[in-house]
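Working through the structure, step by step
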Amino acid sequence: MPTYTAALPAQDAPQASIDRATSSPDLTGVASLPLTGAPGPVLALGSARSLIDAPDGSGSVLVQSDVGKGTVLAFSHGGYLSRDSIKNDPDLRECMRRIVAWAHARDNAAPFVLDGAGTAVLDAVGADPAWPTVKKSWRDALDEKAILIVDSHQFTKATDAAQLRSFVERGGTLITSGLAWGWLQLNEGKTISDHPGNRALIDLNIAFADGTIDGDRNNRYPVSSREHPTGADDIDAIMRITRGEKGINSERINGALERTRLALRTLTPEQSRRILNLEELMAGSADAINASFARMKESGLRPGRDPLAMLACEQFASASFELPPREVTAHPSAAAFPGIVAADADRSERAVEIDTTLPGWRATGLFVPAGELVRVTLSQELVASGLRLQIGAHLDPALRPPLRRLPKVTREFTVDAVTTEVASAVGGLLYLVVPAEFAPDSVRLTVTGAVQTPHFVLGKTSVQAWRDSIRNAPGTWGELESREIALTVPSDLLRTLDDPQQLLELWDRIVHAQGSLEPRRLNGLGDRQARYVPDPHVSWGYMYAPAHRPLTIPMSAAKNFIDAKMLATNADDDAWGLFHELGHWHQNDMWTFDGTGEVTVNIFTLYTIDKICGLPSAKAREDVFTPEKMLDTMRKHVAQGSPFGKWKSDPFLALKMYVQIEQAFGWEAYREVFAKYRELPENQRPSRDEDQRDMWMVMMSRQVGRDLGPFFEAWGVPVTSEARASIADLPDWMPDNWSDPRVAPPAPPGSQPK
């Protein structure tokens, strides 16, 4: 089994000296901050400290870093510097009022620079008109002593980092914000170290990490008066628990470890060595780290027991995972995931013919053993044609402990020569990645060094060959595929599957059913196979459907998605989640307004259960959607005043409104309305939330020939008076047997009024 060895790097130049400030804004009495959009973690590095923590300790909502004579405060989302956000939330307004007052008190001669966010914040908090201000560009104020309020996405010039550091060291105050995940989505091909805020603020001990941070049960970020750790304190806590010290609070060590893991994912290797300085600790703990890896498969790596092994995984993933193929050796985590290939498995040369009429990942039926060099050869005319090779299928970032695999287990290689050498420290399935609009219909590869793996292609592989030999191939993961679907599956499960043909034919029907209601959208990889990948790590929810990556499901669901009997009957409701995630790729933003992202997806879930499993919506989920039960729920909602906030925050409450339409007017109403949306000219497509609600009501009303305005009103979904007026020629509609709980029933004939 491969073992862990740490190498000490060359010494880097020491950080510049830092004078710690003696004060922070007094946030006593500020109860909590709102989630302005979907904030991501901001990290306090070195001497920087958190002022408002994420509820789970993974990163911060607000950090402070004191460098030289000045200071930086950084928020986790640009919305905290927004005029509307501040004005609309009393706690945020008070928080920002105290911050700007504190900034003024630090140097009452320093002017606030009124440039964009500076103007917005001062206006929103009602700043003292006596405070000095100056109207100019924030960049024009960098040579002066001033108070800047500016979002970090504006730090786009190569000179910004040095100028901002000089500004702060000389006594300037910078109040800023940043969001890594949103920037990464908008800047494909960039890395997190390219983020403007990270380029500019790393040397000020602040970084913006990928991902989002959840709020508490009230969807808020509580503000605590307790002392908050610095980045250096986190490293110290990890060192103390590694030395075996007792009495360290588990919440403290969990938070320290998660923040340090995030830092390793965010910083470049050089920055990690300079700022975190973990190498000596890791080098002296190789035996303990190897002991952790030995139990990784059985129980995963856990914060209180295996902190250094968890950090070693992060360090390897960021610094060493993509070494040149000839330098790659097997990583000790490979035994836990994706598994070690037998030493005597046949690694001889094989010719593989790949169907390239579909773009995306195209399976070769081969598996690359961990740490071993594999050579892939193709014809000269295909060199530099856009083809790539990929090892591995798992892309979840493995955010949640216990850690059961490396955070990064998939890597790509550009095909820029007739023979391409590939290798992976953990191994994995070998794919040819085909670009869109690729001309040849097939590509022939010659592969040396890989082993065969269970692989079944509908219409090509025979069931008998599968049973006799293919399913017993030595690769530790395999693949089932048709032109519609690809299922990546652990080989030990595939070896129990007798009829992959029946299973794939059923999955084709499932994919066709959802597509018949609404085609997969372009950012749902609609031009290629839908792909499910079970993963020991699911970082968001129970399952999730990323826009540009495979549908990710937990390992516990892997047996279900190859169980044709379960899928065909929705036995124990186990098919719901699988159908639900595929449905996300069919949603359309035009008719999925705010609060319905987890609602309109279940139109496809219920449709699939109806058409594939033979269970109409009234029988789909333990009779939750019977007309009587939905009417009872609707009456209770109306009696409470039809709160739209509650409707938006409870996906199954909101879904009942959509099901009532289906039960009254049929699935065809949805199919026709969806088609009409797709036909809309670009300039008529709704983008604002209000317009989306209006158009949904109007288009569905026109489709069914009834005025759904009273129905929307009863559920509390707001629409404009103009939208209501546009369908006033249609007869009103409410569900059968509806009675308004706010209206007393008529007195029976002959009764006397009291």
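Computed from a predicted model, the values in this text were never measured in an experiment.

Turning next to the overall build of the chain. In terms of regular secondary structure, the chain is built from 27 helices and 25 strands. Over its C-alpha trace the chain gives a radius of gyration of 29 Å, about what one expects of a compact globule, namely 27 Å for 754 residues. Each of the three principal axes of the chain carries a C-alpha extent, and together these read 85 × 80 × 55 Å. Taken over 754 residues, the chain has a buried fraction of 54%.

Another aspect to go through is the sheet that holds strand β14 (residues 374-377). Spatial ordering of the open sheet is given by β12-β19-β14-β17, a layout of 4 strands whose pairing is antiparallel. If you trace the sheet from one side to the other, it starts and ends with β12 (350-355) and β17 (419-422), each paired once. With direction set aside, neighbouring strand axes in the sheet form an average angle of 30°. One ladder, built from 4 bridges, connects β14 with β17; its direction is antiparallel. For Thr-377, the partnering residue across the bridge sits in β17 and is Thr-419.

Looking at the element boundaries, Asp-396 is found in the loop between β15 (388-391) and β16 (411-414). A polar atom in the side chain of Asp-396 sits 2.7 Å from the backbone nitrogen of Ala-398. Here Ser-539 takes part through its side chain, which lies 2.7 Å from a polar atom of the side chain of Asp-396. The residues touching Asp-396, leaving out its near neighbours within four places in the chain, are Arg-405, Pro-407, Asp-535, His-537, Val-538, Ser-539, Trp-540 and Tyr-544.

Turning our attention to the side chain of Asp-707. You can see Asp-707 is positioned in the loop between α25 (689-704) and α26 (709-715). Lacking a salt bridge, the buried Asp-707 has Arg-724 as its closest oppositely charged neighbour, with an N-O distance of 4.4 Å. In this structure the side chain of Asp-707 is engaged in a polar contact, spanning 2.7 Å, whose partner is the backbone nitrogen of Gly-709. Discounting chain neighbours no more than four positions away, the residues touching Asp-707 are Ser-701, Arg-724, Ile-727, Ala-728, Leu-730, Pro-731, Asp-732 and Trp-733.

Before going further, it helps to examine the confidence of the model for the chain. Low pLDDT means the predicted atomic positions in that stretch should not be read closely. Mean pLDDT over the chain works out to 92, with 95% of the residues at or above the 70 mark. A low-confidence stretch, residues 7-22 stays under pLDDT 50, and its non-local contacts, those more than four residues away or across chains, total 29 contacts.

For the rest of this paragraph, the subject is the sheet that holds β15. One open sheet holds the 5 strands; their spatial order is β16-β15-β18-β13-β20, and the pairing between them is antiparallel. Because the sheet does not close on itself, it has two edges, and the strands there are β16 and β20 (451-452). In terms of strand pairing, β15 meets β16 through 4 bridges, oriented antiparallel. If you follow Leu-389 over to β16, its bridge partner there is Phe-413.

On to the environment of Ala-513, then. One can find Ala-513 in helix α16 (residues 500-517). Sequence spacing of Ala-513 and Thr-71 is 442 residues, and the spatial spacing of their C-alpha atoms is 58 Å. The residues contacting Ala-513, other than those within four sequence positions of it, are Tyr-607 and Ile-612.

All right, on to unusual backbone geometry then. The omega torsion across Phe-337 and Pro-338 is 5°, close enough to zero to call that bond cis. Position of Pro-338 among the secondary structure elements: in the loop between α13 (307-319) and β12. That bond from Pro-401 to Pro-402 is cis: its omega, 0°, falls within 30 degrees of zero. Tracing the sequence through the fold places Pro-402 in the loop between β15 and β16.

This part is about the packing of aromatic side chains. Evaluation of the coordinates by the stated rule reveals 26 aromatic pairs. Arranged with centres 6.1 Å apart and planes meeting at 45°, the rings of Trp-667 and Tyr-670 form a pair that is tilted. Here Trp-667 and its partner Tyr-670 are both found in helix α24 (residues 667-678), 3 residues apart, which amounts to about one turn of the helix. Clustering of aromatic rings is evident, with ring pairs tying together Trp-591, Phe-604, Tyr-607, Tyr-658, Trp-667, Tyr-670, Phe-674, Tyr-677 and Trp-696. When the ring centre of Phe-337 is taken as origin, the NZ or CZ atom of Arg-405, which lies over that ring, is 5.9 Å away. Stacked on the ring of Trp-576, the Lys or Arg Arg-621 has its end atom at 4.3 Å from the ring centre.

Right, let's get into the packing of α16 against helix α20 (residues 601-613). One way to put it is that α16 packs onto α20 with a least axis distance of 9 Å and a crossing angle of 130°. In terms of orientation, α16 lies oblique with respect to α20. The two elements α16 and α20 meet at a crossing, and its hand is right-handed. Only Ile-603, Phe-604, Tyr-607, Thr-608, Lys-611 and Ile-612 of α20 make contact with α16, whose side of the interface consists of Leu-506, Arg-509, Ile-510, Ala-513, Gln-514, Ser-516 and Leu-517. Split into classes, the residues belonging to the contact of α16 with α20 amount to 8 nonpolar, 3 polar and 2 charged.

Enumeration according to the criterion identifies 45 salt bridges in this entry. Two residues, Arg-49 and Asp-66, come together in a salt bridge whose shortest N-O distance is 2.9 Å. One end of the pair, Arg-49, is in strand β3 (residues 49-53); the other, Asp-66, is in strand β4 (residues 60-67), with 17 residues separating them in the sequence. Asp-66 carries the same exposure label as Arg-49, and that label is buried. A salt bridge links Lys-87 to Asp-123, with the shortest nitrogen-to-oxygen separation between them at 3.5 Å. Highlighted residues: Lys-87 in helix α1 (residues 83-88) and Asp-123 in helix α3 (residues 117-125), separated in sequence by 36 residues.

All right, on to the pairing of strand β23 (residues 485-490) then. With respect to burial, β23 is a largely interior element, 6 of its 6 residues being buried. Where burial is concerned, the two faces of β23 agree: the one with Ile-485, Leu-487 and Val-489 and the one with Ala-486, Thr-488 and Pro-490 are both buried. Connecting strand β22 (residues 477-481) to the next strand, β23, in antiparallel fashion are 3 residues. The sheet contact formed by β23 and strand β24 (residues 530-535) spans 3 bridges and is parallel. Note on β24: the bridge partner recorded for Ile-485 is Ala-530.

Each value, and the rule that gives it
Residues numbered from 1 in each chain as written. Predicted model: local features only at pLDDT ≥ 70, side-chain atom pairs only at ≥ 80, totals over all residues. Heavy atoms only, no water. Helix = DSSP H or I, 4+ residues; strand = E, 2+ residues; numbered from the N terminus. Rg over C-alpha atoms; globule rule 2.2 N^0.38 Å. Buried < 20%, exposed > 50% of the residue type's maximum accessible area, 1.4 Å probe, protein only. Pairing = 2+ DSSP bridges. Axes fitted to C-alpha atoms, helices over the stretch in contact; angles between N-to-C directions. Polar contact = N/O pair within 3.5 Å; in protein donor to acceptor, adjacent residues only side chain to side chain. Contact = heavy atoms within 4.5 Å. Lys, Arg positive; Asp, Glu negative; His and termini not counted. Salt bridge = Lys/Arg side-chain N within 4 Å of Asp/Glu carboxyl O. pLDDT = per-residue confidence, 0-100. Phe/Tyr/Trp six-rings, centres within 6.5 Å; stacked < 30°, edge-to-face > 60°. Lys NZ or Arg CZ within 6 Å of the ring centre and 35° of its normal. Parallel < 35°, antiparallel > 145°, perpendicular 65-115°, else oblique. Left-handed = near helix turned anticlockwise from the far one by under 90°. Nonpolar A, V, L, I, M, F, W, Y, C, P; charged D, E, K, R; others polar.

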